[in-house]
Amino acid sequence: MNTYDLNLILNPNLSAEQVQIEKEYIETTVKNAGAELSNLDDLGNRRLAYQVGKDREGYYLMYTIKAGGNPESDIASTLRLRDHVRRVLVVKDRPEWKTKKA
């Protein structure tokens, strides 16, 4: 199993209850795809670099998952169908990116 970063941007106008519902749906989708969650960084509302739809902000969620196969097709394609999900990005974690070069 490989480690991946699953980054999502949600609608910034969601209530706390709606955000919790989206988190539960994301976790269920990840588990149904045969992956496991390692970590969640809930960054909250942040300003976007460019406007998405009519929003200048987005609610950021960054998951670390362990998955086999292709999580881009299994997980990301399912999450993109949600109404409140603005962007989904799956990136394979590479240890050499985290080492400092002298």
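Taking an unreviewed UniProt entry as the reference, the protein is identified by name as Small ribosomal subunit protein bS6 belonging to Deinococcus metalli.

The next point concerns the overall build of the protein. Counting secondary structure elements, the protein contains two helices and four strands. Taking 2.2 N^0.38 as the reference for a compact globule, 102 residues should give roughly 13 Å; the C-alpha atoms of the protein span a radius of gyration of 14 Å, in line with that estimate. Dimensions along the principal axes, computed over C-alpha positions, put the protein at roughly 40 × 40 × 20 Å. Expressed as a percentage of its 102 residues, the buried residues of the protein come to 32%. Carbon and sulfur atoms make up 47% of the accessible area of the protein, which totals about 6,600 Å². Charged side chains of the protein number 16 positive and 15 negative; the gap between the two group centres comes to 7 Å.

As a further point, take the pattern of salt bridges. Using the criterion set out here, one finds four salt bridges in the structure. A salt bridge links Arg82 to Glu22; the nearest nitrogen and oxygen atoms lie 2.9 Å apart. Pair noted here: Arg82 is in the loop between α2 (71–79) and β4 (85–92) and Glu22 is in helix α1 (residues 16–32), with a separation of 60 residues, a long-range link. Arg82 sits in the partly exposed class, given a relative accessible area of 25%. Given the relative accessible area of 3%, Glu22 is considered buried. Here Asp55 makes a salt bridge to Arg86, at a shortest N to O gap of 3.2 Å. Taken together, the residues Asp55 in strand β3 (residues 55–67) and Arg86 in strand β4 connect sequence positions 31 residues apart. Asp55 gets classed as buried once you look at its relative accessible area, which sits at 14%.

What counts and how
Residues numbered from 1 in each chain as written. Predicted model: local features only at pLDDT ≥ 70, side-chain atom pairs only at ≥ 80, totals over all residues. Heavy atoms only, no water. Helix = DSSP H or I, 4+ residues; strand = E, 2+ residues; numbered from the N terminus. Rg over C-alpha atoms; globule rule 2.2 N^0.38 Å. Buried < 20%, exposed > 50% of the residue type's maximum accessible area, 1.4 Å probe, protein only. Areas by Shrake-Rupley, 256 points an atom, 1.4 Å probe, with all protein chains shown as cover. Lys, Arg positive; Asp, Glu negative; His and termini not counted. Charge placed at Lys NZ, Arg CZ, Asp CG, Glu CD. Salt bridge = Lys/Arg side-chain N within 4 Å of Asp/Glu carboxyl O.

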